[in-house]
Amino acid sequence: MKTGTDRVKRGMAEMQKGGVIMDVVNAEQAKIAEEAGAVAVMALERVPSDIRAAGGVARMADPRIMEEVMNAVSIPVMAKARIGHIVEARVLEAMGVDYIDESEVLTPADEEYHLNKRDYTVPFVCGCRDLGEALRRIGEGASMLRTKGEPGTGNIVEAVRHMRKVNAQVRKVSNMSEDELMTEAKLLGAPYELLLEIRSLGRLPVVNFAAGGVATPADAALMMELGADGVFVGSGIFKSENPAKFARAIVEATTHYQDYKLIAELSKELGTPMKGIEISSLAPEARMQERGW
Amino acid sequence: MIKIGVLGLQGAVREHVRSIESCGAEAIVIKKIEQLEEADGLIIPGGESTTMRRLIDKYDFMPKLKEFADSGKPMFGTCAGLILLAKQIVGYEEPHIGALNVKVERNSFGRQKESFEADLDIADVAEDFTAVFIRAPHIVEADENVEVLAKHEGRIVAAREGQFLGSSFHPELTDDHRLTQYFINMVKEAKKPLAKQ
């Protein structure tokens, strides 16, 4: 019997496909998310838009929040650790969190090195903006990917950019001849073996979700249309006027992302969505996606 | 050709499709109730059972799934699919489809860090089957008519009752398609009398 194998860690993410993972800050929100059909919840102290507003250093949440959420729901519970923060990740693993997000939403603890995620029994999800970044994270042992997008903005443009970029690069690599792959690996800064794997599979070897700016059911459906395996929704749901209704609408739009009449129905009278932030108005140092490499 | 439906509301749908196709059968991803009629057998995949149940209710799948079960066509539930197929669930008053006469317990091996791979001896299928268990349920009790196919450390992890097959683990996550083939053979058997009519 073996725990923490690639199949067990990546398989867990496969089970989440076609689903929505929602940010929650307490047990009550977690129950609303579960009831609405979320496949998992991300337990946080603050959602990204509040982290952005609060400023200062954002760290792993108070373990009591994770504990409360884990006791409240039967779906998997994820939590965020700072990039490169070995101990935060170990603490989350020891607590029995089901998946760790090594996340740029928190202030990085290490500007040079990400975690060696192979060392852990618990699986990790990491953000990426392009294929090189995606494959460096898989190389370090990430079992699931997500776009970085620009968290807490309610603006989908960066998530779209990152999803399109990764998928275009996957298509390119899939069509390359084997003798071009080493040079491509050098250009991408990615492990050669993973390029070989992509070329033979015709896709990434792990699940890739959309994240960072999903604010409406139509945004979630758009990301699925662009090839996301599922969707993370952060600030959107519990910053809306009717979280339960909003959460259900996002789940359904993700399942039936090409049923446009249904999405029209779902989008009716959802109340005012997040105000949103125009990306160009964010100073470069305020962009979370620039964290990590 | 034998057509196997895979309930495609959420979860590991693609992997089952790949496994079915590797066995030489046709796979249909079932997202709408009308599609159920085309299928000779149905696989309910792994995923999140609460999420799948919500979507099943939302799109009125439940009566059709029960009809499918009553029609005598084979059904195979893996992990969350086993929970949906079982007649009893520990801690819950009502089952979901309630077809396979077993009682299951959800997440009974623990949280994700306790998820594991183990080699199983599955009766009539394989003596050396690598099974992937992810936040898996197990069968706590099985009716006397249920054939226990595999156990792991004393716990029932695969069982069959007539046309219904269930496993705690995910046969679709490996390249070993023998359990999928076993189910396809069940579907072939079930189809025979119909073909004679």
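Everything quoted here is computed from the prediction, not taken from an experiment.

Reading the values: the criteria
- Residues numbered from 1 in each chain as written.
- Chains lettered and ligands numbered in written order.
- Predicted model: local features only at pLDDT ≥ 70, side-chain atom pairs only at ≥ 80, totals over all residues.
- Heavy atoms only, no water.
- Salt bridge = Lys/Arg side-chain N within 4 Å of Asp/Glu carboxyl O.
- Helix = DSSP H or I, 4+ residues; strand = E, 2+ residues; numbered from the N terminus.
- Buried < 20%, exposed > 50% of the residue type's maximum accessible area, 1.4 Å probe, protein only.
- UniProt positions renumbered as here; feature names shortened; annotations may be inferred.
- 1 Å grid on protein atoms, 1.4 Å probe; cavity = no way out; pocket = protein on both sides within 12 Å on 5 of 7 lines; lining within 4 Å.
- Points joined across faces, edges and corners; volume = space filled by probe spheres on them.
- Nonpolar A, V, L, I, M, F, W, Y, C, P; charged D, E, K, R; others polar.

1. A closer look at the pattern of salt bridges
Inspection of the entire model under this criterion finds 34 salt bridges over all chains. Residue Asp101 of chain A is joined to Arg146 of chain A by a salt bridge in which the shortest nitrogen-to-oxygen separation is 2.9 Å. You can see Asp101 of chain A sitting in strand β5 (residues 99–103) and its partner Arg146 of chain A sitting in strand β7 (residues 144–147), a full 45 residues away along the chain. Both residues of the pair, Asp101 of chain A and Arg146 of chain A, belong to the buried class. Salt-bridge contacts for Lys103 of chain B lead to Glu141 of chain B; the nearest nitrogen and oxygen are separated by 3.8 Å. With Lys103 of chain B in strand β6 (residues 100–105) and Glu141 of chain B in strand β9 (residues 138–142), the pair connects residues that are 38 residues apart, well separated along the chain. Overall, Glu141 of chain B belongs to the partly exposed group, its relative accessible area being 43%. By sharing partners, the salt bridges in this structure join Glu14 and Lys17 of chain A together with Arg14 and Glu15 of chain B into a single network.

2. Details of the UniProt feature "binding site: D-glyceraldehyde 3-phosphate" (unreviewed entry) in chain A
Residues and elements named next belong to chain A. Following the UniProt record, the feature "binding site: D-glyceraldehyde 3-phosphate" (unreviewed entry) maps to Arg164 here. Note that Arg164 resides in helix α7 (residues 157–174). A relative accessible area of 53% places Arg164 in the exposed class.

3. Concerning the layout of surface pockets
In this structure, the largest pocket occupies an estimated 600 Å³ of space. Lining of the largest pocket is provided by 26 residues; of these, Lys17, Gly227, Ala228 and Asp229 of chain A together with Arg14 of chain B occupy positions nearest its centre. For the lining of the largest pocket, the elements supplying multiple residues, two or more each, are α7, β8 (207–209) and α12 (243–255) of chain A together with α1 (13–22) of chain B. Looking at which element gives the most residues to the lining of the largest pocket, the answer is α7 of chain A, with 3 residues. The residue inventory of the lining of the largest pocket, partitioned by class, reads 10 nonpolar, 10 polar and 6 charged. As for the second largest pocket, its lining consists of 16 residues, and the residues nearest its centre are Arg7, Glu14, Arg203 and Pro205 of chain A together with Leu173 of chain B.

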